[in-house]
Structures are given as C-alpha cells and as structure tokens.
Amino acid sequence: MTEPTVLQLGLDTFGDVTLDPDTGERVPYPQVIRNLVAEAELADRVGVDAIGIGEHHRDDFAVSAPEMVLAAIAARTERILLGTAVTVLSSDDPVRVYERFATLDAVSGGRAEITLGRGSFTESFPLFGFDMADYERLFAEKLDLWSALQGEGTVSWSNGTLRAPLREAHVFPRTERGHIPTWIGVGGSPESVVRAARYGFPLMLAIIGGDPARFAPYADLYRRALTELEQPSLPLGVHSPGFVADTDEEARELLYPHFKANRDRIGAERGWGPVTREQYDAEVEQGSLYVGSPETVARKIAATARALGIQRFDLKYSNGSMPHPLLLRSIELYGTAVVPRVRELLAEAPVSA
C-alpha cells in the first residue's frame with residue numbers, strides 16, 4: 001500500500017444496536033444491519049472515502065461477520081473503500097480470513113481492505129475455543145501467517161505452535177492486485193507499533209480518549225521503525241469517535257445521553273467509574289471526541305492530521321444507542337461539509353509527516 005497524497009477521510013461503525021426514535025425500544029439485530037447498509041450507501045453518495053465495520057460477539061453490537069455486511073454494501077455502492085474496524089485475527093484462521101476478503105475484493109471491484117487487531121473485547125476467544133492465556137501469542141503467530149499469504153504465491157509456513165503448518169499451499173481466489181491492503185490497529189502499545197512496521201503494514205491508531213497529540217511519540221516511533229527496518233514510507237491513520245450536527249450545541253446535546261450510556265456500560269465491565277458531563281465536555285473540547293458543527297469537527301480533524309502527520313482519518317460515527325436517523329444526518333454532514341472543509345484547511349497548511 002503506497003502512501004496517499006491526499007488525506008483519506010473515512011467512517012467506522014461497530015454496528016451498535018440503536019434505539020427506535022418513536023418507541024425508545026431496541027432495534028432488532030436484522031434491522032440494525034440493514035440500517036448499517038443504508039448508512040454506507042449514503043456515505044458512498046456524499047463522497048466519504050472509506051467505511052470500516054467492527055467485529056464483535058456481544059449483545060450491544062449487531063455485526064459479528066463484517067465481510068458479509070461489506071459484501072452487501074459492495075453491491076449497492078460504487079467507489080467507497082470497504083474495510084474493517086477491526087477484524088479479530090487472533091480468534092480466526094488467517095487462511096479463511098484471506099479467502100473471505102479476496103472474495104469481497106472480487107465482488108467490490110478491488111475495494112476491499114482490512115484492519116487486523118487483537119481485539120479490545122475478548123468474547124470471541126472462549127466462543128471459538130481459544131485460551132486467553134494465549135492472547136499475545138495467537139495474534140503474533142497469525143499475523144505472521146497473514147503476512148506470508150500476501151503475494152498470493154505458494155505458501156509454506158511453520159512459524160507457530162498454535163496453528164498447523166502449511167506446506168506448499170495455495171489460497172484462492174487470488175485478487176487482481178495480488179494482495180489485500182492491510183492495516184494494523186493499535187491502541188497504544190509500542191511493541192504493536194514496531195510490529196506493524198516490521199511486517200510493512202500501515203498503522204491505524206485507535207485514539208478514543210485524551211489529547212490526540214499525546215500519540216505523537218507513537219507516530220514518530222512508527223516512522224523511525226520503518227526507516228530502521230528499511231521499509232518504504234507507509235500510511236498512518238487515526239480512528240476516533242465523534243458526531244456531526246448542524247450546530248455545536250445540538251451535536252453535544254444529542255450525543256451525550258448515548259455516549260454516557262455506552263461508556264458507562266462498558267466501563268462497568270472494565271472497572272471504570274460513570275462518566276460525568278464535565279468529563280464529556282472536556283473530551284469534546286480538548287480530547288478525542290470529534291463532536292460539533294461541520295466547521296468545528298473539520299478544524300479538529302485538520303489539527304490532528306497536522307499534529308500526527310497522518311494520511312487517513314476514520315470517524316467512528318456510531319455511538320451506542322443513537323438512533324439511525326441521527327446517524328444518517330451525521331454521515332450526510334460529514335461527507336458534504338466536513339470532508340471538503342478538512343481538505344481546504346489542509347491545503348492552507350499541509351500535513352508534514
């Protein structure tokens with residue numbers, strides 16, 4: 001994957017289970033998925049560069065098989081890149097994942113990409129019979145095999161103990177490009193940053209809290225590692241949550257109850273205290289919540305792009321139970337107003353890697 005010359009601006013979703021705005025009841029999983037396809041269709045029409053869908057195996061997210069949803073989106077879109085946010089490679093088989101995404105690449109006319117990660121949620125490990133004691137080793141071994149599959153030639157691989165070796169194997173279908181564009185999703189581990197550079201994969205930083213500029217050392221580490229490992233210059237991206245409305249006040253007020261419910265639910269599982277309105281407002285003003293009018297969100301994205309020297313920004317637009325009509329409006333504003341405004345701002349003061 002070569003480094004893009006213009007900042008790519010995408011959208012991510014986990015397929016969060018939303019509320020019906022009329023009844024206040026949870027929307028059934030099948031309808032959430034159909035709504036997600038409609039959201040991606042709109043993103044394609046309004047000029048968004050990419051859509052990423054997360055993989056989860058829990059009751060608050062509807063999508064457990066992103067590539068299936070992406071295939072449906074492929075049939076109803078023309079230009080948008082189709083990827084994941086993320087694929088939990090540790091609890092899947094790299095060969096099967098490669099075959100599925102090569103198939104997606106075929107039906108989409110070469111628009112498939114993938115972001116691989118270890119997964120911040122771990123429900124898939126016991127569900128598929130994996131031992132959490134092998135959490136680190138599973139990802140390390142399977143990423144090594146995934147790297148061996150790139151190039152799509154004859155594969156012999158025996159670098160692991162948790163997966164059977166391959167001897168002169170062939171994987172089908174082959175793609176027209178000869179590989180699947182692959183990002184590595186990282187939440188803040190220096191070892192993971194260096195590993196992405198070692199394998200020659202672009203890096204996607206998941207920045208979900210605090211000042212984005214505090215991730216500058218990770219961006220610098222990645223670029224140094226690429227140089228020291230004699231790898232070419234590769235794209236660096238950021239994934240962060242947000243919501244766009246017509247005004248700053250409207251955006252903040254609409255998002256807050258859904259943000260709080262989502263954060264408090266996950267926080268209770270992880271030992272975090274309930275989020276306060278003061279914390280929320282601080283995260284919007286100085287942290288990694290991209291919330292506000294198109295101008296406000298565009299300026300914040302441009303500032304992050306300059307601070308970290310990135311080539312891709314993906315806004316995680318789904319926010320817990322936030323209803324589908326509000327998500328559609330946010331997508332519309334992102335594509336029609338935020339994306340062009342970010343590019344105007346960066347043309348005035350370009351990103352320097």
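The coordinates are above.
Here's a quick rundown of the structure. (Residues numbered from 1 in each chain as written. Predicted model: local features only at pLDDT ≥ 70, side-chain atom pairs only at ≥ 80, totals over all residues. Heavy atoms only, no water.)

What about the overall build of the protein chain?
Point 1. In terms of regular secondary structure, the protein chain is built from 11 helices and 12 strands.
Point 2. For 353 residues, the compact-globule formula gives about 20 Å, and the C-alpha radius of gyration of the protein chain, at 20 Å, lands near that figure.
Point 3. Counting only C-alpha atoms and orienting by the principal axes, one finds that the protein chain spans roughly 60 × 45 × 40 Å.
Point 4. Evaluated residue by residue, the protein chain yields a buried proportion of 55% over its 353 residues. (Helix = DSSP H or I, 4+ residues; strand = E, 2+ residues; numbered from the N terminus. Rg over C-alpha atoms; globule rule 2.2 N^0.38 Å. Buried < 20%, exposed > 50% of the residue type's maximum accessible area, 1.4 Å probe, protein only.)

Section: empty space enclosed by the protein
Summary: where empty space remains is shown by rolling a probe the size of a single water molecule over the atoms.
Point 1. The tally for this structure, following the rule as stated, stands at three cavities of 30 Å³ or more.
Point 2. Its boundaries defined by the atoms lining it, the largest cavity holds a volume of some 70 Å³.
Point 3. As for the largest cavity, its lining consists of Thr13, Gly15, Asp16, Thr18, Val32, Asn35, Leu36, Glu39, Ser318, His324 and Leu327.
Point 4. Per element, the largest residue contribution to the lining of the largest cavity is four residues, and it comes from helix H1 (residues 29–45).
Point 5. Broken down by class, the residue content of the lining of the largest cavity amounts to three nonpolar, six polar and two charged.
Point 6. Put simply, the second largest cavity is a space of about 50 Å³.
Point 7. Around the second largest cavity sit Glu55, His56, His57, Arg58, Val88, Phe121, Thr122, Glu123 and Ser124, which together line it.
Point 8. Residues that form the lining of the second largest cavity fall into these classes: two nonpolar, four polar and three charged. (1 Å grid on protein atoms, 1.4 Å probe; cavity = no way out; pocket = protein on both sides within 12 Å on 5 of 7 lines; lining within 4 Å. Points joined across faces, edges and corners; volume = space filled by probe spheres on them. Nonpolar A, V, L, I, M, F, W, Y, C, P; charged D, E, K, R; others polar.)

Some points on the pattern of salt bridges
For side chains of opposite charge, pairing can occur when their charged atoms come near one another.
Point 1. One pass over the structure, following the stated rule, counts 29 salt bridges.
Point 2. Residue Arg299 is joined to Glu295 by a salt bridge in which the shortest nitrogen-to-oxygen separation is 2.6 Å. Taken together, the residues Arg299 and Glu295, both in helix H10 (residues 294–308) and four residues apart, mark about one turn of the helix.
Point 3. Assessed through its relative accessible area of 32%, Glu295 is described here as partly exposed.
Point 4. The structure contains a network of salt bridges with shared partners spanning Arg58, Asp60, Glu123, Arg265 and Glu269. (Salt bridge = Lys/Arg side-chain N within 4 Å of Asp/Glu carboxyl O.)

Comments concerning the side chain of Glu99
Point 1. Note on placement: Glu99 falls in helix H3 (residues 94–107).
Point 2. Among the polar contacts listed, one links the side chain of Glu99 to the side chain of Arg96, at a separation of 2.7 Å.
Point 3. For Glu99, the residues in contact, after removing those within four places along its chain, are Val171, Phe172 and Pro173. (Polar contact = N/O pair within 3.5 Å; in protein donor to acceptor, adjacent residues only side chain to side chain. Contact = heavy atoms within 4.5 Å.)

Let's talk about the environment of His179
Point 1. Topologically, His179 is positioned in the loop between strand E7 (166–169) and strand E8 (182–186).
Point 2. Spatially, the C-alpha atoms of His179 and Ala302 are 31 Å apart, while their sequence positions differ by 123 residues.
Point 3. When residues no more than four places from it in sequence are discounted, the contact partners of His179 are Tyr98, Gln150, Gly151 and Glu152.

As for the packing of H10 against helix H11 (residues 324–348)
Point 1. Contact geometry for H10 and H11: axes closest at 8 Å, N-to-C directions at 45°. Compared by their axis directions, H10 and H11 come out oblique. Once H10 is placed against H11, the crossing between them reads as right-handed. Counting all contacts with H10, which are made through Pro294, Glu295, Val297, Ala298, Arg299, Ile301, Ala302, Ala305 and Arg306, the residues of H11 involved are Leu333, Tyr334, Ala337, Val338, Arg341, Val342, Leu345 and Leu346.
Point 2. Considered class by class, the residues forming the contact of H10 with H11 number 13 nonpolar, no polar and four charged. (Axes fitted to C-alpha atoms, helices over the stretch in contact; angles between N-to-C directions. Parallel < 35°, antiparallel > 145°, perpendicular 65-115°, else oblique. Left-handed = near helix turned anticlockwise from the far one by under 90°.)

Thoughts on the packing of aromatic side chains
Point 1. Scanning the entire structure with this criterion turns up nine aromatic pairs.
Point 2. Taken together, a centroid distance of 5.1 Å and an interplanar angle of 55° make the contact between Tyr98 and Trp146 tilted. Of this pair, Tyr98 sits in helix H3 while Trp146 sits in helix H5 (residues 135–149), and the two are 48 residues apart along the sequence. The same class applies to Tyr98 and to Trp146, which are both buried.
Point 3. Plain terms: the ring middles of Phe215 and Tyr218 are 5.3 Å apart, the flat faces sit at 40° to each other, and that makes the pair tilted.
Point 4. On the basis of relative accessible area, Phe215 is assigned to the buried category, the value being 4%.
Point 5. Under the relative-accessibility criterion, Tyr218 is labelled partly exposed at 21%.
Point 6. An aromatic cluster is built from Phe14, Phe61 and Phe121, whose rings are joined through pairwise contacts.
Point 7. When the ring centre of Phe121 is taken as reference, the NZ or CZ atom of Arg270 above it lies at 4.7 Å.
Point 8. Positioned above the aromatic ring of Phe14 is the side chain of Lys316, whose terminal nitrogen or guanidinium carbon lies 4.5 Å from the ring centre. (Phe/Tyr/Trp six-rings, centres within 6.5 Å; stacked < 30°, edge-to-face > 60°. Lys NZ or Arg CZ within 6 Å of the ring centre and 35° of its normal.)

Taken by themselves, the reported measurements are silent on function.
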